[in-house]
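# Residue-level structure breakdown
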Amino acid sequence: MSQHGVGPRAVTRSVAFLTAGVLAVPALAGCGSEDPAGKPLAAPDIQPAARDKITDGGTLRWAVDSVPDTLNTFQSDADATTTRVAQAVLPSMFRMDASGRPERHPAYLESAKVVETEPKQVVLYKLDQQAVWSDGREIGAADFAAQWRALSGKDTAYWTARNAGYDRIQKIERGDSALEVRVTFSRPYADWRSLFSPLYPKDVMGTPDSFNDGARKKLKVTAGPFLVEKVDTEDERITLARNPRWWGEPAKLSTIELRTVPRDKRAAELAAGTLDLAEIDPAAARRITLAARPHSSSSPLMGPGADRTAADALRSWAVANGTDDDAADEETVARKKLRKAAVKYARQQKALRGYEVRKSLEPAFTQLALNGAEGPLADERVRRAVARALDREELAEVVLKPLGLPAVPVGSHLALSGQAAYADNSGALGDQDTEEAQALLADAGWVRGGPVKEQKKERGDKEEKAAGGEGEPADGSSGAQEDHKAQRQDPAGHLAQDGKQYKHPHPGGAPGAYAPRGTAAPANQEAAPFAKNGKPLTLRFVLPSGPGSRTLRTVADRITRMLQRVGIGTEISKVSDESYFKDHIASGQYDLALYSWPATAYPATDARPVYAKPVPAADGSLSVEQNYTRVGTDQVDQLFDEAVATLDEGKARSLIRKADSRIWAAAGSIPLFQRPQLLAARKNLANAGAFGLATPVYEDMGFLKKTAKPASGPSVKGSTAR
C-alpha cells in the first residue's frame, strides 16, 4: 500500500459477553426496501476488452513493492505480492466481484452450498471435472483436508498466521464422487465462503515442514492460469508463465513479470519503457496526465526549474555573468545541471505519452485512530469530542477531489459502499458540530481557557523516549500528555447529570455522543484551549515521515486545524516509516494516528480482532489482538460472535450493522475516506489497471491487437456492480 495500512486476516479470534440495553443506536438502514449497501463509489478502471480483441502472447511487466519472503499466504510475513501470485496460480473457491462481494469461481466450482444445518452445518463443494493440479493430479478432498488440518490450530508445529474458520471444521470427506467435497462444521460458520481461497495442494499443507518451508520461495505444484516459473531474489522479480494444464480460458499473456520497483522510481521506469503497469502516487499521475496534453513537455507547472520566476532567472544570469569568478563558475555549473535535468524531464514526458492513468478506489479506508488506553482519550466523552470536531467531508475532498474521484466519507468500519454488510452508521456518533464537541469536553471536566501550570522539563524527555528516539515534534507545538487513568469511563456506561441517569436528548443518537442538555463551553473564550487540573488538552499526533506519506501528513494538518477550532491542541511527532507501526501504533505510543485497514467481504471473521475488547493477558499485559486503539466493548464482541454463527445472511448483515453502530458510538476510530487507487498502464493494455473491489482475472489480461478497440465501460468480467 502507498499509505500505512495493515491486514485484518492475521490473528486468531476471542469471545466476550453482551449486556443488553446499554447503548441506544439509530434505527438501522435496511428496514425499508432500499438496500443500504448501495453501490461502489467507483467502478474498476481496467480498459475492458473481449478476448478476441487481445493478442496471444506477450509479457506484462508489473511493478510490485518487493519480492515476498514467502509464497504462502497463511504465514505472518506474507504481503501484497504473495496475494497477487496466489491469485494467478492457485485455486480460489470464491473471488470478489466489482461490488466486493464473494462470487463462485466458475473455473473451480460447479456449485458450493450449505446442504445441511442440523445437527451440524454441512457445505457441499462440487468441483469442476477438469480441475487438476499442474502435476496432473485431480483437485479433491485430500487437498481440502490437508489445508484444514494445517490451519485448524490444533498442531502448533504449523507456523500459521491465522486459523479463523478452519478451527470450526469437524471433518472433511469425499462426497458421492471424487468431484464432491463434504465439509462438516462443529459450530455454525456464516463466513464459510472465506475458506479454501486460496487452496494449496496437499504437497504444501500435508506436513509442518512442507508448510513452514516448502512454499516460501517456490510453488512446484499450482492450479491456475499461470504457474511460478522463477523467483529471482537477486534481480528482484518473479516470473509467472502460462500453465499448460490450465483447463479454463487460456491465458492471453505468455508471462507476467512482477518486478520490484520503489514507488519513487516508477515514473522514471515507466518513461524508460521498462514497465507496463504500476501503482503510482498522485505526483506521478499528474505527470502522466500532463504528458497526454499538447506541448505538455514544456509545461511550466512541473519539472526542473518549474518554480523559478523571471526574477530568479534574471538573478541567475547576472551571477553567472558577474565579476565574482567563484560565484559565476558555481552558478554556471548549476545552470548546466538544470538545463540537463530539464532536457531529461522533457524526454521522459514524451515517453510517458504511451501511458494513461487508470483510477478507482482501493478496497481499503483511512481512519483516525484514538488511543483510549490512557490519557485524556481514555474518557469516551473526549474521544467523541474529537470525532465531533472533524469535518469528514472536507478531509475526503482534500484527498480525492483533486484526483477526480468521488469524495464521499466512509460510513462504516466493517464494509465499503457496495459490499453486502455496508450501511452508513455514522449517525450513531453525529456529524461535525463545534458546540457539541465543546460541550462534551466541558462535561468531562475540561475548562476552556482554564489556568495552565508551567510544564516540567521532563515532559520533552518522556516524549522523545516514547518515540523510540525518533520523534520529531513539529516547531511551535506544545502541550502535555499525562496519565488520566482516574478519568477512565466504562465504555458501556451511562453519563450522569445531577446524580440521575442521563437520558438521551436527541432521538436516534447514541448516549454520550451528545453532552447533557444545558452543558455549554465557557463564554467569551473562543480563542483559548481547554485545560484541566492545570494541564492543557494536548494530544500527541504521531505521523510517518517518509516521502510516501505526504497524503497522510496533509490530512493530519487539516485535522489539527479542526481540533484547534474546538480548543484541542496537538503535538505532532514525526517518526520513521520503519518504526511507525511497530514502535508506535502497535505498542500504543500515540494519542492520535492515521492508518488504513483493508476492506473484507467477511467482517464477522476478519474485523473481530480489530475491534475486540482488550483483555488482560496471563503475564499482566493487555492483549489487544489488532485493536490498536484499545477501545472495545462486550456488546460489540458478542454481536460479532452472533453474526459469525448465523447462517441467515440477512440476520447476519443486521448484526454486523448493529456492531458497526456501537463501534461508531465508542469513538475509538473514525473512518475518513476510501483510499485512492492510481495505476499507470500502457495504453494498449486491456483488462488490467485499477481493479477497485474486484479480484483480477489474470487469464484475460493482455495487449490489444493493433486494429482492436477496447470495450466501452469499466466493468469486470463476470462482475456487476449492485
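Our subject is the structure that appears above.
In this report, the structure presented in the accompanying data block is examined.

With that settled, consider the overall build of the chain. Looking only at helices and strands, the chain has 18 helices and 25 strands in total. Counting across all 722 residues of the chain, residues that qualify as buried make up 52%. In the chain, 74% of the contacts between residues at least 6 apart in sequence involve partners at least 24 apart.

Of note, the bond from Glu118 into Pro119 is cis; its omega dihedral lies within 30 degrees of zero at -5°. Here Pro119 is to be found in the loop between strand S4 (109–116) and strand S5 (122–127). Residue Pro198 follows Ser197 across a cis peptide bond; omega there is 10°. Not every positive phi belongs to a glycine, and Glu625 is a case in point at roughly 50°. Mapping Glu625 onto the fold places it in the loop between strand S22 (622–623) and helix H17 (634–644). For Asn687, which is not a glycine, the phi torsion comes out positive at approximately 60°.

Moving on, we come to helix H18 (residues 649–666). Across its 18 residues, H18 extends 26 Å between first and last C-alpha, which sits within 8% of the 26 Å expected from 1.5 Å per residue. Taken together, the buried positions of H18 are Ala652, Leu655, Ile656, Arg657, Ala659, Asp660, Ser661, Arg662, Ile663, Trp664, Ala665 and Ala666. Next to the buried residues of H18 lie helix H9 (380–389), helix H10 (392–400), helix H15 (603–606), helix H16 (608–611), H17 and strand S23 (669–682). Here H18 starts with a cap whose side-chain oxygen sits 3.0 Å from the backbone nitrogen of Gly650, and that cap is Asp648. Taken from the residues just after H18, Ala667 is the one with a positive phi, measuring 55°.

Before going further, it helps to spend a moment on the packing of aromatic side chains. Counted according to the given criterion, the structure contains 19 aromatic pairs. Between Tyr158 and Phe211, the ring centres sit 5.5 Å apart and the planes meet at 75°, which makes this aromatic pair edge-to-face. Separated by 53 residues along the polypeptide, Tyr158 in the loop between helix H2 (141–151) and strand S6 (169–174) and Phe211 in helix H4 (residues 208–213) bring together distant segments of the chain. Among the residues examined, Tyr158 registers a relative accessible area of 9% and is labelled buried.

The subject of this paragraph is a negative patch on the surface. Negative charge collects at one region of the surface, where Asp324, Asp325, Asp326, Asp329 and Glu330 lie side by side. With respect to the secondary-structure elements, Glu330 resides in helix H8 (residues 325–351).

Pairing analysis gives six bridges linking strand S8 (residues 226–232) to strand S9 (residues 237–242), with the strands arranged antiparallel. Each residue of the ladder has a partner; that of Val231, found in S9, is Ile238. Counting the residues between successive antiparallel strands, the hairpin from S8 to S9 contains four residues, one of them, Glu236, with a positive phi of roughly 55°.

Let us look at the sheet that holds strand S17 (residues 535–536). Within a sheet, adjacent strands bond to each other through the backbone by hydrogen bonds, running parallel or antiparallel. Spatial strand order, S13-S16-S17: three strands in an open sheet with antiparallel pairing. Only two strands of the sheet have a single neighbouring strand rather than two, namely strand S13 (447–448) and S17. Pairing of S13 with strand S16 (residues 530–532) involves two bridges; the strand directions are antiparallel. In the sheet register, Arg448 faces S16, and the bridge partner there is Phe530.

Let us now look at the side chain of Arg630. Structurally, Arg630 is set in the loop between S22 and H17. Here Arg630 sits buried without a salt bridge, and the closest side chain of opposite charge, Glu374, lies 8.8 Å off (N-O distance). Within the structure, the side chain of Arg630 is placed 2.7 Å from the backbone oxygen of Ala586, a separation counted as a polar contact. At 2.7 Å, the side chain of Arg630 and the backbone oxygen of Tyr628 are in polar contact. Sequence-distant contacts of Arg630, defined by excluding residues within four places in its chain, comprise Asn371, Ala373, Ile585, Ala586, Ser587, Gly588, Pro614, Leu622 and Val624.

Attention now moves to a positive patch on the surface. Side chains of Lys265, Lys340, Lys344 and Arg347 sit close together on the surface and give a patch of like positive charge. With respect to the helices and strands, the residue Lys340 is situated in helix H8. On the basis of relative accessible area, Lys340 is assigned to the exposed category, the value being 66%.

Now for the packing of H9 against helix H11 (residues 434–443). Look at H9 against H11: their axes get within 8 Å of each other, and the N-to-C directions meet at 165°. Our classification of the angle between H9 and H11 gives roughly antiparallel. Crossing of H9 against H11: the hand is left-handed. Counting all contacts with H9, which are made through Arg381, Val382, Arg384, Ala385, Arg388 and Ala389, the residues of H11 involved are Thr434, Glu436, Ala437, Leu440, Leu441 and Asp443. Taken together, the residues that form the contact of H9 with H11 break down as six nonpolar, one polar and five charged.

Attention now goes to the environment of Glu625. We classify Glu625 as partly exposed; its relative accessible area is 23%. Here the alpha-carbon distance between Glu625 and Pro614, two residues eleven residues apart in the chain, equals 7.4 Å.

Met93, Tyr125, Phe196, Leu240 and Tyr611 are the most contacted members of the largest nonpolar core, which has 107 residues in total. Judged by nonpolar contacts, the second largest core, of 61 residues, contains Leu377, Phe541, Ala556 and Ile670.

What follows concerns the sheet that holds S6. Spatial ordering of the open sheet is given by S4-S5-S7-S6, a layout of four strands whose pairing is antiparallel. Every other strand in the sheet has two partners, leaving S4 and S6 as the edge strands with one partner each. For this sheet, the mean angle separating the axes of adjacent strands, direction not counted, is 15°. As judged from the five bridges shared by S6 and strand S7 (residues 180–185), these two strands associate in the antiparallel manner. Along S7, the bridge assignment pairs Arg174 with Val181. On the sheet, H2 packs against S5, S6 and S7 and is oriented at approximately 160° with respect to S6.

Cut-offs used in this document
Residues numbered from 1 in each chain as written. Predicted model: local features only at pLDDT ≥ 70, side-chain atom pairs only at ≥ 80, totals over all residues. Heavy atoms only, no water. Helix = DSSP H or I, 4+ residues; strand = E, 2+ residues; numbered from the N terminus. Buried < 20%, exposed > 50% of the residue type's maximum accessible area, 1.4 Å probe, protein only. Contact = heavy atoms within 4.5 Å. Expected span 1.5 Å × (residues − 1). Polar contact = N/O pair within 3.5 Å; in protein donor to acceptor, adjacent residues only side chain to side chain. Phe/Tyr/Trp six-rings, centres within 6.5 Å; stacked < 30°, edge-to-face > 60°. Patch = residues over 30% accessible without salt bridge, like charges linked within 9 Å, V, L, I, M, F, W, Y side chains within 5 Å. Areas by Shrake-Rupley, 256 points an atom, 1.4 Å probe, with all protein chains shown as cover. Salt bridge = Lys/Arg side-chain N within 4 Å of Asp/Glu carboxyl O. Lys, Arg positive; Asp, Glu negative; His and termini not counted. Charge placed at Lys NZ, Arg CZ, Asp CG, Glu CD. Pairing = 2+ DSSP bridges. Axes fitted to C-alpha atoms, helices over the stretch in contact; angles between N-to-C directions. Parallel < 35°, antiparallel > 145°, perpendicular 65-115°, else oblique. Left-handed = near helix turned anticlockwise from the far one by under 90°. Nonpolar A, V, L, I, M, F, W, Y, C, P; charged D, E, K, R; others polar. Core = buried A, V, L, I, M, F, W, Y, C linked by side-chain atoms within 4.5 Å.

Read these as spatial facts, not as claims about activity.
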